[in-house]
Every structure is written in structure tokens, then in C-alpha cells.
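Overview (structure and organization)
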Amino acid sequence: MKKTTEHKEPDISFEQLEEIVNLLAALYGQDFTEYSKASLKRRVNRILMKKHFTVYELKQEIINQPSFVDELILEITVNVTEMFRDPAFYGAVRKKVLPYLKSFPRIKIWNAGCSTGEEVYSFAIMLDESGMYANSFLYGTDINTRVLDKARKGIYTLHQMKEYSENYLKTGGTASLAEFYSAAYDAAAIHQGLKKNVLFATHNLATDSVFNEFEMIVCRNVLIYFENSLQEKVIQLFYDSLRPLGFLCLGSKETIRFTELRKKFRVVDQEQKIYQKIG
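Quick summary incoming for the structure in this document.

Structurally, Glu215 can be placed in strand E7 (residues 214-219). Of the polar contacts made by the side chain of Glu215, one reaches the backbone nitrogen of Lys108; its length is 2.6 Å. Those residues in contact with Glu215 that lie beyond four places of it in its chain are Leu101, Phe104, Arg106, Ile107, Lys108, Leu242, Arg243, Gly246 and Phe247.

Set out below in C-alpha cells:
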């Protein structure tokens, strides 16, 4: 397709953005209708600039090139993640959640919006250190198939791992992160033993339903990109997916305080946004 040679900063209107959203829903079942419009607008503008597309050309690409849609979704969804991101959160999980979960004969953890998998493997490492991995199963889900492919491989750069090692030690880790991966050249591969109880699968928080009952659900820094109506819907999904006394972990800028379900959770750690289902 011929690209526009116009280099003016793109600025898609909200009406044009709605057309893009409706196309994705109608043709591919990808529902972004309740995502933050301001966030979507920024990201679609970035795609237009990166590809040198007009809005018309972008719509034609969506209609005629299904293979482009994965790339598009990768761009408009946020995939910023790292191992042991926000060490204080993982430290709180070590102290306030894992001792409780240790009493369960079976532990199922759902990491929603897992991106490329670093957060899932962070929990796998903590469970392994606590002697709980053998009795645990971790589900990582995301809307985007490309990031899930990377998550399944569990291969990251050695440079990333060195940065993650600092995070790991700040959480109270007692070993070396290097014990959990194999290094070759500039690549670091998560040990196979940490992957055997992990499953990565596609799941759309906006449209898909409960698929299991979990002892803990982790969804950090995802809800902030949703409109309030979708945040409420997703919190309800998490509530329905948790076993009684199961734990819900959100991101630092997210809260259940303004939802109808707030009375059905106990606050475990207000600063780290860790809650326990009591209703």
C-alpha cells in the first residue's frame, strides 16, 4: 500500500477513533470500546506517525491485512513489564500473602495482562523459594498473541536479567537470580523447571468470562487504561474468579475503593494494593 509522504504530526479525531474501534470489534472481535479514549488516541496517533499512514490507510490496512492486526494490538495495548517490578509490592506478597497461601493444598494464580511473562516468572521464583511451587499452577493471560509467544519461550536479554537481579534482591530474595536461568551469549532462558507449572493463554478482560477459581489474581497497571465502567466489570470478574479468602493484587495507581465490591474485600496492604476476598 502506498504510504502518505505527509510528515505532519497526526491527530486522529475521537470520531475517527471510534470508527477504528468499531472495525476491530466487527472484523476481529477485539473490543476496545471501554478502553480509555485518551490513551487509545495517543497510541493510534503514534501508529499513524510510525507507519506514515493516514486514518483512511490505517482503516484499509485493518480491513485487508489481518496479519497487521496483531501488530496494531501490540501497539495500542501497554506492554511495559519487568521481573520483580516495584520490589516493595513483591516484598509485601512475601510477608503477607505467601505464608497464608502455604496452608492451601493447591495454589492457583492468575496473572491477567501478563505481557511477555516476566511477572509470572517472578511469582514462580518466589513460590519455588518458599517450597510451594510443586503445589502451584500459574496462568498468564493477555489479549495479544505476540507477547504470549515471548512469554512461553521465557528468553530475555542478559542485560535485562542483571537489572532484574537488583529488583529481586530488594524484594528480600535470599539467592541469586542467576540460579533460575541459564545464560548463553546475550540471552537468558528461564529454567524449564520453573515453566512446567505455567500456562500462557489469550484472554480478553473486556469480553471473556471466568475460567477457574483462584487463590490469587494479579492484575497490575492494566485497569488504569480502562474507562470506569470497564474497571467495574473487570473487578467483578476477578471477584467471581477468586475462591473465598483469595487475594487480589492491583497496581499502585489502581483501587477498588470506588467500586460497589469494596465491602467484599479486606485491605491487606493499602499502599501495595493487596486485597482479600471476604464477601
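Another aspect to go through is the pattern of salt bridges. Taken as a whole and judged by the stated rule, the model has 14 salt bridges. Among the ionic pairs, Asp11 bridges to Lys41, the shortest N-O distance being 2.5 Å. Note that Asp11 is positioned in the segment before helix H1 (14-28) and Lys41 in helix H2 (residues 37-51), a separation of 30 residues in sequence. A residue is classified by how much of its surface remains accessible, and Asp11, at 58% relative accessible area, is exposed. In this structure Lys41 comes out as buried when scored by relative accessible area, which is 16%. Here Glu19 ties to Lys59 by a salt bridge, and the two come within 2.7 Å at their closest N and O atoms.

So, on to the environment of Met83. Among the secondary structure elements, Met83 is positioned in the loop between helix H4 (66-76) and helix H5 (87-96). Between the C-alpha atom of Met83 and that of Val44, which follows or precedes it by 39 residues, the distance is 28 Å. With near-sequence residues (within four places) excluded, Met83 lies in contact with Glu118, Tyr121, Ser122, Ile125, Met161, Tyr164, Asn167, Leu177 and Ile190.

Here the focus is the sheet that holds E7. Working definition: the strands of a sheet are paired by backbone hydrogen bonds and lie parallel or antiparallel to each other. Strand order across the open sheet formed by seven strands is E6-E2-E1-E7-E8-E10-E9, with mixed pairing between neighbours. Because the sheet does not close on itself, it has two edges, and the strands there are strand E6 (198-202) and strand E9 (265-269). Here the average twist between neighbouring strands, direction ignored, is 20 degrees. Taken together, the six bridges between strand E1 (residues 107-112) and strand E2 (residues 136-142) define a ladder with parallel strand orientation. Bridge pairing links Lys108 to Phe137 in E2. The strands touched by helix H8 (residues 145-153) are E2 and E6; relative to E6, the strand with the most contacts, the crossing angle is about 170 degrees.

What counts and how
- Residues numbered from 1 in each chain as written.
- Predicted model: local features only at pLDDT ≥ 70, side-chain atom pairs only at ≥ 80, totals over all residues.
- Heavy atoms only, no water.
- Helix = DSSP H or I, 4+ residues; strand = E, 2+ residues; numbered from the N terminus.
- Polar contact = N/O pair within 3.5 Å; in protein donor to acceptor, adjacent residues only side chain to side chain.
- Contact = heavy atoms within 4.5 Å.
- Salt bridge = Lys/Arg side-chain N within 4 Å of Asp/Glu carboxyl O.
- Buried < 20%, exposed > 50% of the residue type's maximum accessible area, 1.4 Å probe, protein only.
- Pairing = 2+ DSSP bridges.
- Axes fitted to C-alpha atoms, helices over the stretch in contact; angles between N-to-C directions.

Interpretation note: all reported values are geometric properties and have no functional meaning in isolation.
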